[in-house]
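Reading the structure
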Amino acid sequence: MRKLVAATVLVFGLALAGCQTVALPSLNLNTAVALNTVYGIENAYGVAVNAANAYKALPLCRTGTTPSATNICARRSVIERLQAAMLKAHLAVNNLVALQKAYPSVDITNALSAAQAALIVVQQILASGAR
Amino acid sequence: MVTAAEIEAGLAVAEAIVDAIVKVAPAIEQGVVSSIPYVQAIAGLIGGSNATSDEIDAVLERINAATDEFLSPLPPDDGTTTT
């Protein structure tokens, strides 16, 4: 009898556990990783955009002058190159987010690489502006 | 021996540097302050927090607005800012 009770409790417990498993929200690890990856790229892009806006807010360098400690200014040519690169980064990051959103389980590697590459170009131009 | 004139010249250079930095400080400060939420979000990810779709959408909207601002054209070059 004791064995029967124990077995019943065990089966009932397993059934309950089964119900609980079904009731709990499922966490797709691949999706979580993709969301985190997209969010990380997005925030890196945010930092780059802010740096670019801070650079653009500087007074433009006068013709024939170069930026220095006593002449803090932004080069028009650098801003124009940054704008072209930023437009590409903008499209790449928005594509990445849209892809992940529309197809949560699809491989986002290519879109991710495109966004990373576009952001690296932005970073390089920003660094050249600081020189 | 450093002369008074040399000290004065050094102070003038220092003053010019400080003036230049103070003049552009709001732009630099704005850039740094605006970046804080992004840096905090990255730190959160490194710390193990998980992003949600809502967070991604909200951040993208904010960044796209900042991007639009950056992509607005510069004033036309009248020849005095050709660099």
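Every value quoted in this text rests on a predicted model; they were computed, and no experiment measured them.

Side note on the overall build of chain B
- A count of helical and extended segments in chain B gives two helices and zero strands.
- At 22 Å, chain B has a C-alpha radius of gyration far larger than the 12 Å of a compact globule built from 83 residues.
- Every one of the 83 residues in chain B was classed for burial, and the buried ones make up 12%.

Notes on the overall build of chain A
- When its secondary structure is counted, chain A shows four helices and zero strands.
- Along chain A, helices and strands appear, N-terminal first, in the series α-α-α-α.
- A separation threshold of at least 6 residues defines the contact pool for chain A, and within that pool the share at least 24 residues apart is 63%.

Looking at helix 2 (residues 53–71) of chain B
Residue and element names in this part refer to chain B.
- Under the 1.5 Å per step criterion, the end-to-end length of helix 2 is 26 Å for 19 residues, consistent within 8% with the ideal 27 Å.
- The complete set of buried residues in helix 2 reads Ile56, Val59, Leu60, Ile63, Thr67 and Phe70. One side of helix 2 holds all its buried residues, which, seen down the axis, span an arc of 105°. For helix 2, the exposed residues lying more than 90 degrees away from the buried face are Asp54, Ala58, Glu61, Ala65 and Asp68.

A word on the interface of chain A and chain B
- On the chain B side, the residues contacting the 38 residues of chain A number 37 residues.
- Contributing elements (two or more residues each) for the side of chain A that touches chain B: helix 2 (29–56) and helix 3 (76–102) of chain A.
- The greatest single-element share of the side of chain A that touches chain B, amounting to 19 residues, is contributed by helix 2 of chain A.
- Here the side of chain A that touches chain B is built from residues that sort into 21 nonpolar, eleven polar and six charged.

Quick notes on the nonpolar core
- One finds Tyr45(A), Ala48(A), Ala89(A), Leu96(A), Ala115(A) and Val122(A) to be the most contacted residues of the largest nonpolar core, which totals 42 residues.
- Mapped onto this core, the elements with two or more residues apiece are helix 2, helix 3 and helix 4 (109–130) of chain A together with helix 1 (4–46) and helix 2 of chain B.
- Among the elements that line this core, the one with the most residues is helix 2 of chain A, at 14 residues.
- Not counting chain neighbours up to four residues away, the residues in contact with Tyr45(A) comprise Ala89(A), Val93(A), Leu119(A) and Ile63(B).

Focus: the packing of helix 3 of chain A against helix 2 of chain B
- The interhelical angle for the contact between helix 3 of chain A and helix 2 of chain B, taken along N-to-C directions, is 160°, at an axis separation of 11 Å. Judged by the angle between their axes, helix 3 of chain A and helix 2 of chain B are roughly antiparallel. Viewed along their axes, helix 3 of chain A and helix 2 of chain B form a crossing whose handedness is left-handed. Seen from helix 3 of chain A, the contacting residues are Gln83(A), Met86(A), Leu87(A), His90(A), Val97(A) and Lys101(A); seen from helix 2 of chain B, they are Ser53(B), Ile56(B), Leu60(B), Thr67(B), Phe70(B) and Leu71(B).
- Its residues assigned to classes, the contact of helix 3 of chain A with helix 2 of chain B comprises seven nonpolar, four polar and one charged.

Digging into the confidence of the model for chain B
- For chain B, per-residue confidence averages 85 on the pLDDT scale, and 90% of positions sit at 70 or higher.
- Model confidence for the complex is summarised by a pTM of 0.75, with the ipTM given as 0.76.

Digging into the confidence of the model for chain A
All names here are of chain A.
- Summarising the model, chain A shows a mean pLDDT of 81, and 76% of its residues fall at 70 or more.
- Ranking the elements of chain A by mean pLDDT puts helix 1 (residues 2–23) last, at 43, and helix 3 first, at 95.
- Every residue in residues 1–23 scores below 50 in pLDDT, and together they form zero contacts with partners more than four places removed in sequence or on other chains.

Describing the environment of Val33(B)
Residues and elements named next belong to chain B.
- You can see Val33 is positioned in helix 1.
- With 11 C-beta atoms packed within 10 Å, Val33 lands in the exposed category.
- Each C-alpha atom, one on Val33 and one on Asn64, is 17 Å from the other, the two residues being 31 residues apart in sequence.

As for the environment of Ala98(A)
- For Ala98(A), the position within the fold is in helix 3.
- With 17 residues separating them along the chain, Ala98(A) and Arg81(A) place their C-alpha atoms 26 Å apart.

What counts and what doesn't
Counting from 1, residues in each chain are numbered in the order their sequence is written. Note on labels: chains are lettered from A, ligands numbered from 1, in written order. Reporting of local features is limited, given that this is a predicted model, to residues whose pLDDT is at least 70; pairs of side-chain atoms are given and counted only at 80 or more, and all residues count toward the totals for whole chains, interfaces and linings. Numbered from the N terminus, helices here are DSSP runs of H or I no shorter than four residues, and strands are runs of E no shorter than two. This radius of gyration counts C-alpha atoms alone. The globule rule is 2.2 Å times how many residues there are, raised to the power 0.38. The burial label depends on the number of other C-beta atoms within 10 Å of a residue's C-beta. Counts of 20 or more mean buried, 12 or fewer mean exposed, and intermediate counts mean partly exposed, with C-beta atoms placed from the backbone. Any two residues are considered in contact once their C-beta atoms, placed from the backbone, lie within 7 Å. Residue count minus one, scaled by 1.5 Å, sets the expected span of a helix. Regarding the arc, it is the one traced by the directions from the helix axis to the C-beta atoms. Each residue is assigned to one class: nonpolar for Ala, Val, Leu, Ile, Met, Phe, Trp, Tyr, Cys and Pro, charged for Asp, Glu, Lys and Arg, and polar for all the others, Gly among them. Nonpolar cores are built from buried Ala, Val, Leu, Ile, Met, Phe, Trp, Tyr and Cys residues. These are joined into a set through C-beta atoms within 7 Å. Simply put, an axis is a line fit to the C-alpha atoms, just over the touching stretch for a helix, and the angle between two N-to-C directions goes from 0 to 180 degrees. By the definition adopted for this analysis, an angle is roughly parallel if under 35 degrees, roughly antiparallel if over 145, roughly perpendicular if from 65 to 115, and oblique otherwise. Whether a crossing is left-handed or right-handed is set by the direction in which the near helix is turned from the far one by less than a right angle, anticlockwise for left-handed and clockwise for right-handed. The predictor rates its confidence in each residue with pLDDT, a number between 0 and 100.

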